[in-house]
Amino acid sequence: MTTFILRRLLAGVVLIFIVTALTFLLIYAGGNDIAFSILGESATPEAAAALSTQLGLDRPIFVQYWDWLTSALTGDLGTSFFGPASVATTLGIRIPVTLSLVAVSIVLTAVLGVILGVASARRGGWVDRVTQVISVVGFALPSYWLALVLVLTIALPMPWLFPATGYVAPTVSVGAWLMSIALPAIALTIGGVATIAQQVRGSMIDTMRLDFVRTLRSRGIPERNIVYRHALRSSAGPALTVLSLQFIGMLGGAIIIERVFALPGIGSLAATASLRGDIPVVMGVVAFSVFVVVVVNLLVDITQGILNPKVRTA
Amino acid sequence: MSEAMTPVNAAPVMERNGMWRRLFRRPVAVGSMIGLGLWVVIAILSPWITPYPPNQTSLDATNAAPSAEHWLGGDRSGRDILSRLIAGAGDALESALIATIVALAIGVTAGLLAGYYGKAIDTIGSWVANILIAIPGIIILIALYAAVGSTTWVAMVALGILMAPNFFRLTRGLVIGVKNELYVDAARVSGLGDLRIVGRHILSAVRAPVIVQTAFAAGVAISLQAGLAFLGLADNSKPSWGGMLQEGFANLYVAPLQIVWPGLALGTVVSALVLFGNELRDTLEGARPRAPKRGEKSRLARTVTAVGDESEALLDLNNLAVAYPTRQGAKTVVHDVTLSVDRGEIVGLVGESGSGKTQTAFSVLGLLPAEAIITGGSIAFSSRRSGMTASNLLGRSIAYIPQEPMSNLDPTFTIGSQLVYGIRAATGKTRGRAKELALSLLARVGIPDPNATFKAYPHQISGGMAQRVLIAGAVATDPELLIADEPTTALDVTVQAEILELIRGLQKERGMGVLLVTHNFGVVADLCDRVVVMRDGRVVETGRTLDVFQQPKADYTKKLLAAILDVDTVRAEIEPEESDVSTHDKETVR
């Protein structure tokens, strides 16, 4: 198990390294153009060159990346091109908003997806049909589209219930926080629930047809224990893999949805920074996102190892 | 979709034609194809059919309501919404085309190479795919905007690269699956070059699933591109649905209708793509497995009745009939089967696959698949124990040893926990007592190191060991009747005799009745007191083993006995017999 975790950890570190290196090469390759885009097109070449030197953009790009990487490891992600704020501080303010939204959504997705999936696998009938319909709708439509529909149909007609815009930190008021992220979380959740429910439903039906389930029944073990202790555990592995992909998708979906509900998360930060060419901030958002993805994948892998002993030796 | 028809690939081509025909019978599929077709036509004709130039502003049209001049009204800059919607279709189609073509070109090519040649290409390809798939796409596209600005095609090429792993994994899997098919082997043997084999045989197998994936990818591309435009990270000079959503959203309190039109356009195109993909996939895979209805199982189990009379046989089957529902009505697989098992007696139930012997055994256990119906007859079980009812016999008085040892242990639990769990469910013993019993049983069934095996997972032990574990689990609750379904068929020849010896020993020790299902007359001769021969769901002969062997009455039995030599020696090595139940499963699921 330890070597298994170490190997996964190493793969994660490699992923962070590759993605940040590629992104850095891509967005810092502009060199002097970056200085122009900060100063405006009318700037003199001398001024641009001076700014380049001041920001260190005239150095070879690999030196710049190495510099960025070594400071990033100490938690220093550089300073915004437009102002004194350090990227790490800005991210520190923005991250809780996005993470709380995505965390609530992923928990909702997992819980509702498993309940719906098991119910439609076990009961069939109308539960199954409702799940199928939700799946098609949730899978077919992008989450920000659903968010816009929620704004039009719920937030605008009933502003006293769910606010269309704004964010309240849970440290200020838990109730107000829940209200402020309820609609975005629902929009993010619908598609994910559909996918998880389908996955759980399919693997539950398959698992319940396996030989060992028949043998468990032959031992006189109650049906409910077979479903929840054995079949659900066997089905949890594939569902978790799908859930981790859902998480990556939600992180992306959250970025657009934050704009819809005017939530001050990393999504709106990234969009604004990208629009005005604030490259250190963009770089910080990319690094943070990849880091979160790696951590989540690592957690999923460890859980898989606990769920299925065969994975540990793989 | 035309291609040269040659005798070798005729089969898959015919299959595919059937597939399209079936697809056209599905209303949702036809609807989504019509919807998509309409949008594609609009997109292609968009430069010519917009009522106004999409960027032309006119003061009267500012936030205008729908009217005869402006069917969908005007936006806040006074531009005609319908014209911009039509022009935006071209933009959406273009994004979808670029992204999917890039994803297809990279993903399918790499997948073909990795699947066909394997080795280093496969390792590298899979490694790159694993990395790409873990990257949050939108964030990279946002970063890309910071680097190269608002060029739609660059973003879509990048998106294509990010989506390529999906095509790579799909194609690779399909190619590996089809590579060793007979017709591909035949083509290789007949000297066709790699390129022609891939081009002709493998591509035709890969095509339909790739179309499904392409539909999904196109949907993702269109919604992502619109999402980026909605964030303002796109070329604002060109009309696009995402840009219209952004403007409509900013104008939400003034003219809420403005956001509805691009929303509808986006929703219909993306959902049509996804629905089309769904429908095509369902057509390819056949119907989804039906979730079994609740309650059927318990109804079946109740037909086993407990009777306490000493004079009666332990197990008495009378005119048992089992059927499965099919489209043409119920299909009976067990007809009027009558047989009995006495205490301390081993009865062999013999027949070929499909003879109904396993179905009969599962009827006694109450473990028929959910679709099965017991259409007639009775199953009487007479227990010497008090408190036995039809619903609690299983696991206490009746136990079961399966055919395939490895698949009958839950791979996610240790062997010990499975044994202890079963014992506790049946007897209510404490955890410690149950563990003691499990360890002593493991020693009894001939496991060299019970403590180590107790802690092991199923994949860590051999098939022979697994079968011993299953036997230990079956006899743990001192059953009166043991039902063994081909207990040695899946095992190595060397282990078979040991397992039979173990069953015989346990039977003597505990005085159990045993119903032994087998296709092997050698096993019957070795072990059984009496034998019941089945064919096509009916009993053709019953008698004492010795009598049946010396003077078989039925022609079928004679034929089977005459064939013992060639059947047993050949069959045991070539094909472990498929369980009767699984074949029925497949039939009824379809």
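Relevant structure appears above.
Residues numbered from 1 in each chain as written. Chains lettered and ligands numbered in written order. Predicted model: local features only at pLDDT ≥ 70, side-chain atom pairs only at ≥ 80, totals over all residues.

(A) Examining the overall build of chain A more closely. Check the secondary structure of chain A and you find 13 helices and zero strands. Starting at the N terminus and ending at the C terminus, chain A contains elements arranged as α-α-α-α-α-α-α-α-α-α-α-α-α. Relative to its full complement of 314 residues, chain A shows a buried share of 44%. Of all intrachain contacts in chain A linking residues separated by at least 6 positions in sequence, the fraction that spans at least 24 positions is 73%. (Helix = DSSP H or I, 4+ residues; strand = E, 2+ residues; numbered from the N terminus. Buried ≥ 20, exposed ≤ 12 C-beta atoms within 10 Å, placed from the backbone. Contact = placed C-beta atoms within 7 Å.)

(B) Highlighting the overall build of chain B. Counting its secondary structure elements, chain B contains 22 helices and ten strands. Burial analysis of chain B (590 residues in total) assigns 45% to the buried set. In chain B, of all internal contacts separated by at least 6 residues, the share reaching a separation of at least 24 is 72%.

(C) Quick look at the interface of chain A and chain B. Opposite the 60 residues of chain A that make contact, chain B presents 60 residues. At nine residues, the largest contribution of residues to the side of chain A that touches chain B is made by helix 10 (residues 223–260) of chain A. A per-class count over the side of chain A that touches chain B returns 34 nonpolar, 15 polar and eleven charged. (Nonpolar A, V, L, I, M, F, W, Y, C, P; charged D, E, K, R; others polar.)

(D) Structural view of the sheet that holds strand 7 (residues 481–485) of chain B. All names here are of chain B. Ordered by their spatial adjacency, six strands build an open sheet running 6-7-8-4-9-10, and the pairing between neighbours is mixed. Whereas interior strands pair on both sides, the edge strands pair on one side only; in this sheet they are strand 6 (398–401) and strand 10 (538–544). Going across the sheet, the axis of each strand differs from the next one's by a mean of 15°, ignoring polarity. As paired strands, strand 9 (residues 530–535) and strand 10 are joined by six bridges and run antiparallel to one another. Note on strand 10: the bridge partner recorded for valine 531 is glycine 543. Where helix 16 (residues 463–475) meets the sheet, it contacts strand 6 and strand 7, and its direction lies at approximately 175° from that of strand 6. (Pairing = 2+ DSSP bridges. Axes fitted to C-alpha atoms, helices over the stretch in contact; angles between N-to-C directions.)

(E) Representation of the packing of helix 9 (residues 241–250) of chain B against helix 10 (residues 257–285) of chain B. Residues and elements named next belong to chain B. Where helix 9 meets helix 10, the closest approach of the two axes is 8 Å, and the angle between their N-to-C directions is 155°. The orientation of helix 9 with respect to helix 10, classified from their angle, is roughly antiparallel. The handedness of the crossing between helix 9 and helix 10 comes out as left-handed. Each of Trp241, Met244, Leu245, Gly248 and Phe249 in helix 9 lies in contact with helix 10, whose residues at this interface are Gln258, Ile259, Pro262, Gly263, Ala265 and Leu266. Looking at the contact of helix 9 with helix 10, its residues break down into eight nonpolar, three polar and no charged. (Parallel < 35°, antiparallel > 145°, perpendicular 65-115°, else oblique. Left-handed = near helix turned anticlockwise from the far one by under 90°.)

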